[in-house]
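Understanding the architecture of this molecule
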2 protein chains.
Amino acid sequence: MAQEALTLLGLGDMGTALARTWLAAGHPVTAWNRTPARAARLTGATTFPTAAEAVAANRLVVACLLDDASVRETLRDADLDGKDVVNLTTSTPDQARELAKWVEDRGARFLAGGIMAVPPMIGNSGYVFYSGSEALFAEHEATLAVPVGTKYVGADAGFAALHDVALLSAMSGAFAGISHAFALVRREDVRPSDFAELLVGWLTAMMPYVHGVAEHLESGDYTKGVVSNLAMQVAGNATLLRTAEEQGVSPELLTPYMNLMAQRLADGHGTEGTTGVIDLLLR
Amino acid sequence: MAQEALTLLGLGDMGTALARTWLAAGHPVTAWNRTPARAARLTGATTFPTAAEAVAANRLVVACLLDDASVRETLRDADLDGKDVVNLTTSTPDQARELAKWVEDRGARFLAGGIMAVPPMIGNSGYVFYSGSEALFAEHEATLAVPVGTKYVGADAGFAALHDVALLSAMSGAFAGISHAFALVRREDVRPSDFAELLVGWLTAMMPYVHGVAEHLESGDYTKGVVSNLAMQVAGNATLLRTAEEQGVSPELLTPYMNLMAQRLADGHGTEGTTGVIDLLLR
């Protein structure tokens with residue numbers, strides 16, 4: 001069976017990496033880029049001077065552009081009737097929901113994607129969160145899975161971005177903590193690579209915490225399975241802050257979380273774990 | 001060969017868990033606790049009314065008390081000459097260094113420990129960072145390893161606490177990020193346990209970042225192996241903040257790290273990764 005043909009809008013680093021894996025797997029690719037030189041460099045792809053012509057060439061249209069505004073601008077003059085539009089451009093959940101409506105109002109099905117990979121991972125690892133039209137996803141999953149794994153997370157077009165951003169946000173917090181940890185040992189005779197081994201082992205061993213939080217949220221009982229409770233942890237935070245001071249490290253990456261823990265404790269939840277901090281974040 | 005006898009000062013949850021594993025492994029344990037009732041409940045241990053008497057009973061003396069001040073108070077009237085004192089009480093690096101001097105001035109060898117475990121893990125998992133007298137550690141390692149694994153991290157008595165606090169600080173940052181992530185999906189139709197699976201997978205997959213930071217610090221080249229550079233990440237932070245706003249989640253756990261990233265970018269380091277944030281934390 002011939003591989004499915006598709007149109008790819010946007011040939012930045014990510015779009016180019018995607019196009020290459022599709023082409024290598026035998027998928028006919030019609031490519032368009034705002035700057036035509038990049039499209040011309042992509043060996044094996046069919047190119048058109050306008051996005052509208054590229055969109056007309058195939059039913060499956062994948063956009064991998066700069067931002068939400070550039071997606072609308074790129075698709076403005078295209079006939080989307082009967083198209084299957086997959087948007088891999090970074091967006092917020094609300095932007096994805098609005099774009100879904102805009103695309104669907106023009107007669108197309110819509111699927112949003114949140115890419116959990118950087119360009120060098122394409123073809124090897126990582127995955128894409130997809131949400132929106134389940135029918136579109138089912139019909140094109142084999143093609144979408146060629147460059148990078150797929151995870152469909154629901155009919156709400158905003159869910160791909162929501163999951164994407166949530167995971168990146170968690171990562172940002174982890175990286176902040178890791179930065180503080182390295183700062184603490186920076187002026188001491190501690191080999192960074194030795195310390196990295198310990199840090200990775202410890203953080204990996206702490207991952208069951210995440211499942212514990214999920215259990216708390218599902219049961220509503222934030223004390224379930226808690227060993228080191230909030231009262232003990234808030235007491236322990238003093239040692240963390242005093243150590244930062246001794247080592248000449250700013251506590252700014254630790255204090256916001258500690259303050260929320262202290263607030264939750266003051267609210268009378270000392271026997272819980274830290275799950276209640278989540279409630280305090282909701283405004 | 002008979003198992004080594006030891007004295008354990010402090011029978012809180014952790015001390016009791018330690019004592020039980022030593023007793024179960026056949027080690028004669030002399031135990032003392034400020035509140036005598038707890039010591040009396042520990043079947044199989046020899047008890048004394050004063051810490052000085054308990055210390056006199058064995059060469060190896062392990063303290064697992066409330067805080068640094070209580071260690072000095074407990075050991076004040078004891079004859080430490082010729083003793084091997086192992087302090088598992090939570091402390092800061094400087095407190096450990098000062099205690100080492102205080103103990104050594106009284107004729108004993110000193111080893112500091114930082115327990116990377118909670119009481120239910122004792123006998124099963126977790127480990128203790130040790131630093132200070134390498135000779136003491138070498139001589140008693142087999143005994144110390146009975147309740148929980150050991151990791152010796154150097155002759156500096158402060159290093160056990162330093163490593164302990166650094167790992168707990170990193171964990172605190174990770175938990176802050178995880179809290180923000182759960183808050184983002186809290187009001188949506190997302191099952192927490194499904195989300196937890198994705199979160200654990202993602203954070204685990206990101207662990208090579210830690211080794212990358214170590215390489216940057218060791219080489220001094222913060223651009224090495226960087227794919228998503230600081231300029232790109234700072235641009236991406238806008239999507240994270242906008243999503244938090246859409247979802248009604250306070251950005252307070254994310255902004256301090258983002259601000260340092262932006263500062264490092266403004267300082268002209270856009271092609272680096274985020275390792276430079278560590279330098280900004282050092283005061």
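Just so we're clear, the structure is a prediction, and the values are computed from it rather than from any experiment.

Cut-offs applied
Residues numbered from 1 in each chain as written. Chains lettered and ligands numbered in written order. Predicted model: local features only at pLDDT ≥ 70, side-chain atom pairs only at ≥ 80, totals over all residues. Heavy atoms only, no water. Helix = DSSP H or I, 4+ residues; strand = E, 2+ residues; numbered from the N terminus. Rg over C-alpha atoms; globule rule 2.2 N^0.38 Å. Buried < 20%, exposed > 50% of the residue type's maximum accessible area, 1.4 Å probe, protein only. Areas by Shrake-Rupley, 256 points an atom, 1.4 Å probe, with all protein chains shown as cover. Core = buried A, V, L, I, M, F, W, Y, C linked by side-chain atoms within 4.5 Å. Contact = heavy atoms within 4.5 Å. Buried area = accessible area lost by both parts, 1.4 Å probe. Salt bridge = Lys/Arg side-chain N within 4 Å of Asp/Glu carboxyl O. Polar contact = N/O pair within 3.5 Å; in protein donor to acceptor, adjacent residues only side chain to side chain. Expected span 1.5 Å × (residues − 1). Least-squares fit on C-alpha atoms with pLDDT ≥ 70 in both. Phe/Tyr/Trp six-rings, centres within 6.5 Å; stacked < 30°, edge-to-face > 60°. Domains from an automatic or database assignment. Axes fitted to C-alpha atoms, helices over the stretch in contact; angles between N-to-C directions. Parallel < 35°, antiparallel > 145°, perpendicular 65-115°, else oblique. Left-handed = near helix turned anticlockwise from the far one by under 90°. Nonpolar A, V, L, I, M, F, W, Y, C, P; charged D, E, K, R; others polar. Pairing = 2+ DSSP bridges. Arc of directions from axis to C-beta. Right-handed = clockwise from strand over helix to strand, strands pointing away.

Scanning chain A from terminus to terminus reveals twelve helices and eight strands. Relative to the globule expectation of 19 Å for 283 residues, the C-alpha radius of gyration of chain A, 24 Å, shows a markedly less compact shape. Reported as C-alpha extents along the three principal axes, the dimensions of chain A are approximately 65 × 45 × 35 Å. Here chain A, with 283 residues, has 56% of them falling under the buried criterion. Taken as a whole, chain A presents about 11200 Å² of accessible surface, with 52% of it coming from carbon and sulfur.

Residues Phe-182 and Leu-199 of chain A together with Phe-182 and Leu-199 of chain B are the most contacted members of the largest nonpolar core, which totals 145 residues. When sequence neighbours within four positions are dropped, the list of residues in contact with Leu-199 of chain B reads Leu-167, Ala-170 and Val-210 of chain A together with Ile-178, Ala-181 and Phe-182 of chain B. Counting residues in each nonpolar core, the second largest holds 29 residues, with Leu-8, Leu-88, Ile-115 and Phe-137 of chain A among its members.

Quick look at the interface of chain A and chain B now. Each partner contributes to the interface: chain A provides 88 residues, whereas chain B provides 89 residues. Carbon and sulfur atoms supply 75% of the area buried between chain A and chain B, which totals about 8500 Å² over both sides. At the boundary of chain A with chain B, the tally comes to four salt bridges. With a closest N to O distance of 2.6 Å, Glu-252 of chain B and Arg-283 of chain A form a salt bridge. Here chain A and chain B share 16 residue pairs in polar contact (both at pLDDT 80 or more) between them. Of all the elements in the fold, those that place two or more residues in the side of chain A that touches chain B are helix H5 (93-104), strand S7 (127-132), helix H7 (159-185), helix H8 (192-205), helix H9 (208-219), helix H10 (230-246), helix H11 (255-266) and helix H12 (276-281) of chain A.

Let us look at H11 of chain A. The periodicity of an α-helix, 3.6 residues per turn, causes residues three or four positions apart to be oriented the same way. Between its terminal C-alpha atoms H11 of chain A stretches 16 Å, which fits the 16 Å expected from twelve residues at 1.5 Å a residue. Pro-256, Tyr-257, Met-258, Leu-260, Met-261 and Arg-264 of chain A are the residues of H11 of chain A that are buried. Close packing links the buried residues of H11 of chain A with H9, H10 and H12 of chain A together with helix H7 (159-185) and helix H11 (255-266) of chain B. Once H11 of chain A finishes, Gly-268 of chain A follows within two positions and takes phi at roughly 95 degrees, a positive value.

Moving on to the relation of the copies chain A and chain B. Structural alignment of chain A on chain B gives an RMSD of 0.0 Å, achieved by rotating through 180 degrees and translating 0.0 Å along the axis. Here the two chains are linked by the operation of a two-fold rotation axis. Within chain A, the C-alpha atom positioned nearest to the axis of rotation is that of Ala-174 of chain A, 1.8 Å from it. Most of the interface of chain A is mirrored in chain B, where 100% of its interface residues again form contacts.

Under the defined criterion, the tally for this structure stands at ten aromatic pairs over all chains. Residues Phe-175 of chain A and Tyr-209 of chain B carry aromatic rings whose centres are separated by 3.5 Å and whose planes lie at 10 degrees to one another, so their mutual orientation is stacked. In this pair, Phe-175 of chain A sits in helix H7 while Tyr-209 of chain B sits in helix H9 (residues 208-219), so the two residues belong to two different chains. For the pair Phe-175 of chain A and Tyr-209 of chain B, one class covers both residues: buried.

A few words on the pattern of salt bridges. Residues and elements named next belong to chain A. Within the structure shown, the criterion is met by 28 salt bridges over all chains. Between Glu-215 and Lys-224 there is a salt bridge whose closest N-O contact spans 3.7 Å. Its relative accessible area of 41% is what places Glu-215 among the partly exposed residues. With relative accessibility at 42%, the residue Lys-224 sits in the partly exposed group. Beyond isolated ion pairs, a larger network of salt bridges with shared partners links Arg-59, Asp-84, Arg-109 and Glu-139.

Split into domains, chain A comes out as domain 1 (6-161) and domain 2 (207-281). For domain 1 of chain A versus domain 2 of chain A, the separation of C-alpha centres amounts to 41 Å.

On to the packing of H8 of chain A against H9 of chain B. Interhelical geometry of H8 of chain A versus H9 of chain B gives an angle of 165 degrees and a closest axis separation of 8 Å. Considered as vectors, H8 of chain A and H9 of chain B are oriented roughly antiparallel to each other. Between H8 of chain A and H9 of chain B lies a crossing of right-handed hand. Contacts between H8 of chain A and H9 of chain B involve Pro-192, Ser-193, Ala-196, Glu-197, Leu-199 and Val-200 of chain A from the first element and Val-210, His-211, Ala-214, Leu-217 and Glu-218 of chain B from the second. Here the contact of H8 of chain A with H9 of chain B is built from residues that sort into seven nonpolar, two polar and two charged.

With that out of the way, let us pick up the sheet that holds strand S3 (residues 46-47) of chain A. Residue and element names in this part refer to chain A. On the basis of which strands lie adjacent, the open sheet formed by eight strands has the order S3-S2-S1-S4-S5-S6-S7-S8 and mixed pairing. Across the chains shown, the open sheet's two edge strands, defined by having one partner strand only, are S3 and strand S8 (149-152). As defined by bridge partners, strand S5 (residues 84-87) adjoins strand S6 (residues 109-116) across four bridges and the pair is classed as parallel. Within S6, the position partnered with Asn-87 by the bridge is Ala-112.

To continue, consider the environment of Thr-35 of chain A. In this structure, Thr-35 of chain A sits in the loop between strand S2 (29-32) and helix H2 (36-40). Residues Thr-35 of chain A and Asp-81 of chain A, spaced 46 residues apart in sequence, show a C-alpha to C-alpha distance of 26 Å.

This part is about the pairing of strand S1 (residues 6-9) of chain A. Residues in a regular strand project their side chains so that they alternate between the two faces of the sheet. Residues and elements named next belong to chain A. Burial of S1 is two-sided: the residues Leu-6 and Leu-8 facing one way and the residues Thr-7 and Leu-9 facing the other way are all buried. Bridging between S1 and strand S4 (residues 60-63) involves three bridges; their strand directions are parallel. Its bridge partner lying in S4, Leu-8 is registered against Val-62.

Residues and elements named next belong to chain B. When we look at burial in helix H4 (residues 68-75), the residues that qualify are Asp-68, Ser-70, Val-71, Thr-74 and Leu-75. Along the long axis of H4, the arc covered by the buried residues comes to 165 degrees, so they all point the same way. If you follow the buried residues of H4, they end up packed against strand S1 (6-9), strand S2 (29-32), helix H3 (51-57), strand S5 (84-87) and helix H5 (93-104).

Turning our attention to the pairing of strand S7 (residues 127-132) of chain B. Residues and elements named next belong to chain B. Among the six residues in S7, six count as buried, and that is most of the element. Here S7 shows a buried face lined by Tyr-127, Phe-129 and Ser-131 and a second buried face lined by Val-128, Tyr-130 and Gly-132. Looking at chain direction, strand S6 (residues 109-116) and S7 are connected through six bridges and run antiparallel. Note on S7: the bridge partner recorded for Met-116 is Tyr-127. In terms of strand pairing, S7 meets strand S8 (residues 149-152) through four bridges, oriented parallel. Its bridge partner being in S8, Tyr-130 is matched across the sheet by Tyr-152. Tracing the backbone out of S7, into helix H6 (residues 134-144) and back to the parallel element S8 gives a crossover that is right-handed.

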